[in-house]
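Examining the three-dimensional arrangement
If you want the building blocks of each chain, they are given just below.
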Amino acid sequence: MSNELRNFLALPYSELEELNLKAKEQRKKRVPADTIREERLKYLSDEKRIKAVTVLFSDLEGRLHMLDYDKKFLLGSYNNLTFDGSSIRGFTAQRESDLRLGIDWSSFYWAPADFFGDGKVMVFGEVIDKDGTPYVGDIRGVLKTYANEQFAKNGYTLNAANEIEGFLFKGVDAERHYHETGKFEYVNTGGYYFSLPGDPLRTFIDTVAEVQRAMGFENEKDHPEVAPSQFEINYNYSEVLNAADQIQLYKLICRQVATKMGMSASFLPKPVVGVNGSGMHTNVSVSKDGKNLFWDPNGEEKLSKMGWEFTDRILTHGNDICLMLNASVNAYRRLDPHFEAPNQIKASAVDRGSMVRIPIGNERSMRVEVRSVGPDANPYMVMLAVFKTGLEGTTAKIENLRQAERYLPDNIYTALENYRKAEWTAKLLEPCVKERYAELKQAAADRCPRLLGTIVKAPEVQFHHFVYNQYLWNQF
């Protein structure tokens, strides 16, 4: 049957961008939830070309789950969507499996039909427990609650922007097929900033940037990264919940575009031995009444006293929260100082080996950059850990805290030990959630040899070694 006969919604990219930016502005202005809900329900009812709504939510480890609901069904049942939580890793036990899926109507997206299908729109969901309260294992909901509390109590808006690196490899599902091929094949070996027009990596980056632009990301710059076939596509900062949602969408978009090109986008922190790994540098700031509270023209590095106190708390709890920022066995392969890895628990304006960097900024852009984050971490957990630690954590009485000789763990076992014994992580997550997360990470760790990252070496010409067992159990 021809698509013309079906007549499903498929909008031009310019119209998609206009719609998504309008929705983004509503989030920024904190338009009441009831107002947005009624507006979206009316839109869905009036727009006859929409057939389904894709609802997205994430499990405890950050894997993105997607359900398509028939539009007519959703309009009548959006407040009573149930699902089996025991089927989702890190959620409820089988004996208490019933959960509800609410709709966060403010997090509504129009997506390009050529990558996400005609006649569909997307919205993020909220996991709700049997008693009607937000489910404690839904870290997106925990982050949303925390951000709203900070605004209500202090007038703070929590802002974030992430620089997410990844690799583009030849072949669809290249990670899943690694055990068959024994290698990854680069699509480009040009390196940092180097990619000619028409090159597969450049075409991929351009296409992803077009989709992001259409979905309201407000792009800034994009380029190949240091390692062969590595990329980074940057976009503007936004309020913390929206920023975390955009991380999920960024990776989804990259995978969709890569698959359509017959390739694979990988966000493992260290898929290839012998070259730079991939990070997710997390730039954060706090504003109040439109003023950036991290900016002080007279402060050290132009960072305010509040910004430095925020930094000191991150450094104090660096080892406590490392497992939340680096969530997989593979992430600790990346924390290798020979490849610009930020494994030193210190702060610096220039040293990219520091856990925290203070970039050059101005009244609008002044920020703190937490560099020791893996791209396969749960973005909601990352944001919760960084902001709550920076705002409410303690400050260690360590001489020269910002330059002390301290290091992040080089293996997940040590990170797990630090996380489990830390009193602070029990204040970030509910005790049952903290333990459930530790159990998942312990199971993953026990499936991988502790020293594998130090004994597997790359050939002189082609660097293709990959810890396949790690991907199998820890893919995001």
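Up top you'll find the structure we're talking about.
Let us look at the structure shown here. Worth saying up front: this structure is predicted, and the values here are computed from it rather than measured. (Residues numbered from 1 in each chain as written. Predicted model: local features only at pLDDT ≥ 70, side-chain atom pairs only at ≥ 80, totals over all residues. Heavy atoms only, no water.)

Quick look at helix 16 (residues 431-446) now. Counted at 1.5 Å a residue, the expected span for helix 16 with its 16 residues is 22 Å, and the 22 Å between its end C-alpha atoms agrees. Taken together, the buried positions of helix 16 are Val433, Lys434, Arg436, Tyr437, Ala438, Leu440, Lys441, Ala444 and Ala445. (Helix = DSSP H or I, 4+ residues; strand = E, 2+ residues; numbered from the N terminus. Expected span 1.5 Å × (residues − 1). Buried < 20%, exposed > 50% of the residue type's maximum accessible area, 1.4 Å probe, protein only.)

Turning our attention to the packing of aromatic side chains. A full pass over the atoms with the stated rule returns 17 aromatic pairs. Between Tyr43 and Phe108 the ring centres are 6.5 Å apart and the planes differ by 90 degrees, which places this aromatic pair in the edge-to-face class. Here the residue Tyr43 occupies a position in helix 3 (residues 33-46), and Phe108 occupies one in strand 4 (residues 98-109), the gap between them amounting to 65 residues. With a centroid separation of 5.7 Å and an interplanar angle of 80 degrees, the aromatic rings of Tyr78 and Trp105 are classed as edge-to-face. Placement of the pair is Tyr78 in the loop between helix 4 (71-77) and strand 3 (82-84) and Trp105 in strand 4, with a sequence separation of 27 residues. (Phe/Tyr/Trp six-rings, centres within 6.5 Å; stacked < 30°, edge-to-face > 60°.)

In this section: the environment of Val275. Within the secondary structure, Val275 sits in the loop between strand 10 (263-266) and strand 11 (280-288). Exposure remark for Val275: the relative accessible area of 8% places this residue in the buried category. Linking Val275 and His338, residues 63 residues apart in sequence, is a C-alpha distance of 9.3 Å.

Moving on, we get to the pairing of strand 4. Among the 12 residues in strand 4, nine count as buried, and that is most of the element. Here strand 4 runs beside strand 5 (residues 120-128); their pairing, made up of six bridges, is antiparallel. Looking at strand 5, one finds that Gly102 is bridged to Glu126. (Pairing = 2+ DSSP bridges.)

Moving on, we come to the packing of helix 6 (residues 139-154) against helix 9 (residues 240-260). Taken N-terminus to C-terminus, the directions of helix 6 and helix 9 make an angle of 155 degrees; their axes are 9 Å apart at the nearest point. Looking at the two axes, helix 6 sits roughly antiparallel to helix 9. Residues Arg140, Leu143, Lys144 and Ala147 of helix 6 form the contact with helix 9, whose own contacting residues are Val240, Leu241, Ala244 and Asp245. Looking at the contact of helix 6 with helix 9 residue by residue, the class counts come to five nonpolar, no polar and three charged. (Axes fitted to C-alpha atoms, helices over the stretch in contact; angles between N-to-C directions. Parallel < 35°, antiparallel > 145°, perpendicular 65-115°, else oblique. Contact = heavy atoms within 4.5 Å. Nonpolar A, V, L, I, M, F, W, Y, C, P; charged D, E, K, R; others polar.)

As a further point, take the pattern of salt bridges. Scanning the entire structure with this criterion turns up 23 salt bridges. One salt bridge connects Asp104 with Lys144, and the closest N-O pair in it is separated by 3.4 Å. Of the two residues, Asp104 is situated in strand 4 and Lys144 in helix 6; the sequence distance between them amounts to 40 residues. On the basis of relative accessibility, which here comes to 3%, the residue Asp104 falls in the buried class. Assessed through its relative accessible area of 23%, Lys144 is described here as partly exposed. (Salt bridge = Lys/Arg side-chain N within 4 Å of Asp/Glu carboxyl O.)

Negative phi values dominate among residues other than glycine, just as trans dominates among peptide bonds. Within the chain, Asp173 stands out as a residue other than glycine whose phi angle is a positive 55 degrees. Take Asp173: it is sitting in the loop between strand 6 (156-170) and helix 7 (178-181). The class of Asp173 is partly exposed, set by a relative accessible area of 39%. Even without being a glycine, Lys302 presents a positive backbone phi close to 70 degrees. Checked against the element boundaries, Lys302 lands in the loop between strand 12 (291-292) and helix 10 (305-316). Lys302 sits in the partly exposed class, given a relative accessible area of 38%.

Glancing now at the side chain of Arg140. Counting through the fold element by element, Arg140 comes out in helix 6. Owing to a relative accessible area of 3%, Arg140 belongs among the buried residues under this scheme. Beyond its immediate stretch of four places on either side in the chain, Arg140 contacts Asp104, Ser107, Phe124, Gly125, Glu126, Leu241, Asp245 and Tyr380.

Attention now moves to the pairing of strand 8 (residues 230-235). Judged by how many residues are buried, strand 8 sits mostly within the fold: six of six residues are covered. Here three bridges tie strand 6 to strand 8, and the two strands are oriented antiparallel to one another. Within the sheet, the bridge partner assigned to Gly166 lies in strand 8 and is Phe231. Here four bridges tie strand 7 (residues 219-224) to strand 8, and the two strands are oriented antiparallel to one another. Across the sheet, the residue bridging to Asp222 is Ile233, located in strand 8. Hairpin connection from strand 7 to strand 8: five residues lie between these consecutive antiparallel strands, with Ser229 at a positive phi of about 65 degrees.

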